[in-house]
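The lines below spell out each chain.
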Amino acid sequence: MLSSNPLNGLSGLEVSVNVTQTLLETFKRLGLADYHSLMQEAGLTSSLLNTPDARIPFEVHERLWELAHQASGDDLLGLKCGMGSRPGSFSYLGHMAINSATVGDALESLQQYQNVSCDGGQWRLQRQEQHTIISFDPVNPHKPSSHQRACATLSAHVTLGRLLVGEVFSPLYANFTEKKIQQANAYETFFACPVQFSASSNQLVFARSLESLAIPHASQEILEIMTYKAAAVVERRSKNGSFSGKLAQLLSSSLPKPDLDYSWVSAQLNVSPRTLQRKLLHEGTSYQQVLDDTRHKLALEHLKQPLLTVTDIASLLGFTEPSAFYRAFKRWQGGTPGGYRDSH
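Here's what I pulled together on the structure shown here. Residues take numbers from 1 onward in each chain, read along the sequence in its written order. Only residues with pLDDT of 70 or above have their local features reported here, since the model is predicted, and side-chain atom pairs are shown and tallied only from 80 upward, although totals for entire chains, interfaces and linings are computed over all residues. The side-chain numbers reported here are obtained from all heavy atoms of the structure, hydrogens and water having been left aside.

## Describing the pattern of salt bridges
Take a side-chain nitrogen of Lys or Arg and a carboxyl oxygen of Asp or Glu: if they are within 4 Å of each other, that pair is a salt bridge. One pass over the full model with this rule turns up 13 salt bridges. A salt bridge links R63 to E41; the shortest N-O distance between them is 3.5 Å. Placement of the pair is R63 in helix α4 (residues 58-72) and E41 in helix α2 (residues 35-42), with a sequence separation of 22 residues. Buried, partly exposed and exposed residues are distinguished by accessible area as a fraction of the type maximum, computed with a 1.4 Å probe on protein chains only: under 20%, between the cut-offs, and over 50%, respectively. Relative accessible area serves as the criterion here: at 26%, R63 is assigned to the partly exposed category. Between E167 and R162 there is a salt bridge, and its shortest N-O distance comes to 3.7 Å. Among the residues examined, E167 registers a relative accessible area of 59% and is labelled exposed. Numbering of helices and strands runs from the N terminus, with a helix taken as a DSSP run of H or I at least four residues long and a strand as a DSSP run of E at least two residues long.

## What to know about the layout of surface pockets
Here the largest pocket defines a volume of roughly 1500 Å³. Lining the largest pocket we find 48 residues, and of these E108, Q111, Q112, Y113 and K297 sit closest to its centre. If you list the elements that add at least two residues to the lining of the largest pocket, you get α7 (103-112), α8 (114-117), β3 (121-127), α11 (220-240), α12 (243-254) and α15 (287-302). When residues in the lining of the largest pocket are grouped by element, the largest group, ten residues, is from α11. Put simply, Ala, Val, Leu, Ile, Met, Phe, Trp, Tyr, Cys and Pro go in the nonpolar bin, Asp, Glu, Lys and Arg in the charged bin, and everything else, Gly too, in the polar bin. Across the lining of the largest pocket, the residue classes break down as 15 nonpolar, 22 polar and eleven charged. Cavities and pockets are found on a 1 Å grid laid over the protein atoms alone: a cavity is a set of points where a 1.4 Å probe fits but cannot escape, a pocket is an open set with protein on both sides within 12 Å along at least five of seven lines, and a lining residue has an atom within 4 Å of such a point. Grid points are joined across faces, edges and corners, and a volume is the space filled by probe spheres set on the points.

## Examining helix α17 (residues 322-333)
An α-helix turns once per 3.6 residues; consequently, residues spaced three or four apart project the same way. A rise of 1.5 Å per residue sets the reference length of α17, with its twelve residues, at 16 Å; its end C-alpha atoms lie 16 Å apart and thus fit the reference within 8%. Inspection of α17 places F325, A328, F329, W332 and Q333 among the buried residues, and these make up the whole buried set. Projection of α17 onto a plane perpendicular to its axis shows the buried side chains occupying an angular sector of 110°, all on one side. Contacts between residues were defined by any pair of non-hydrogen atoms, one from each residue, lying within 4.5 Å. Looking at the buried positions of α17, the neighbouring elements they touch are α7, β3, α15, α16 (310-316) and α18 (337-343). Count one or two residues on from α17 and you reach G334, which has phi positive near 80°. To estimate how far a helix should extend, the number of its residues minus one is multiplied by 1.5 Å. The arc under discussion is defined with respect to the helix axis, by the directions toward the C-beta atoms.

Shown next, in the form of structure tokens:
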């Protein structure tokens, strides 16, 4: 049941108003004449939509997806939403991407600040020697609307990537957990690659070489402004909001505490270990994932400090052996800490 006040989501998960506006623009484009009644039924007000930098409770946004899918009967709703996205659909992240030096830098920003745009799932960037993999694990994965949201998310990133560097930003192949639909060829036409349905995960696999492509007309000044704004949203939400944000903040300030374990963290957050696990699962993540993401973020920051050796950084991040840090860093970045430091 939805909260009577749409500003107070039951789960604490939120979506940028820009994301919801993009969904509503898709409704208009598809000719859903009664989209105003869908808004009302979902608990979404026009005043909230017209408030700059507003945050929409995730339950409201998800309900809007459910109602729209039912009303339209369109199994391509998610794809069409992603195709119609624009840089502003990502809140500050779209403008950060446009003003990043390379595609790889843009992808790192999209991962690091993903919750500025939406809490509706976990967007992950994984690097292998020859491939870059973007995956999305939606909250409430078994709901039919979650398949639509996953497709919208991944297709929106392809739309953004093509805006940055052109049609070359196309995956080698795409996987979706959704069952194959009659209009499956529409997916292959848009993504310009083979598409597998009923897969174990939602992911796009790109050639790793795409990351080195320079983004034309990128502005370092605008990037810094947008990054500052995105960081302010993250800081504000970590104080007020999600458990994953609070956990990340705690881990950042506590590493490399030797007895940093699940029980200690739970006690610091004033919840039981089981409650912490349940809350993180509801936010589409886990303790290990938040710890991994926090270490990744801190590693990139520490590598900018020339006086810190790689061994120092491994210790600061709580790795017992430098070799464990090397393995983790290669999984995060697809290369070595030294190589990253030399190129940045």
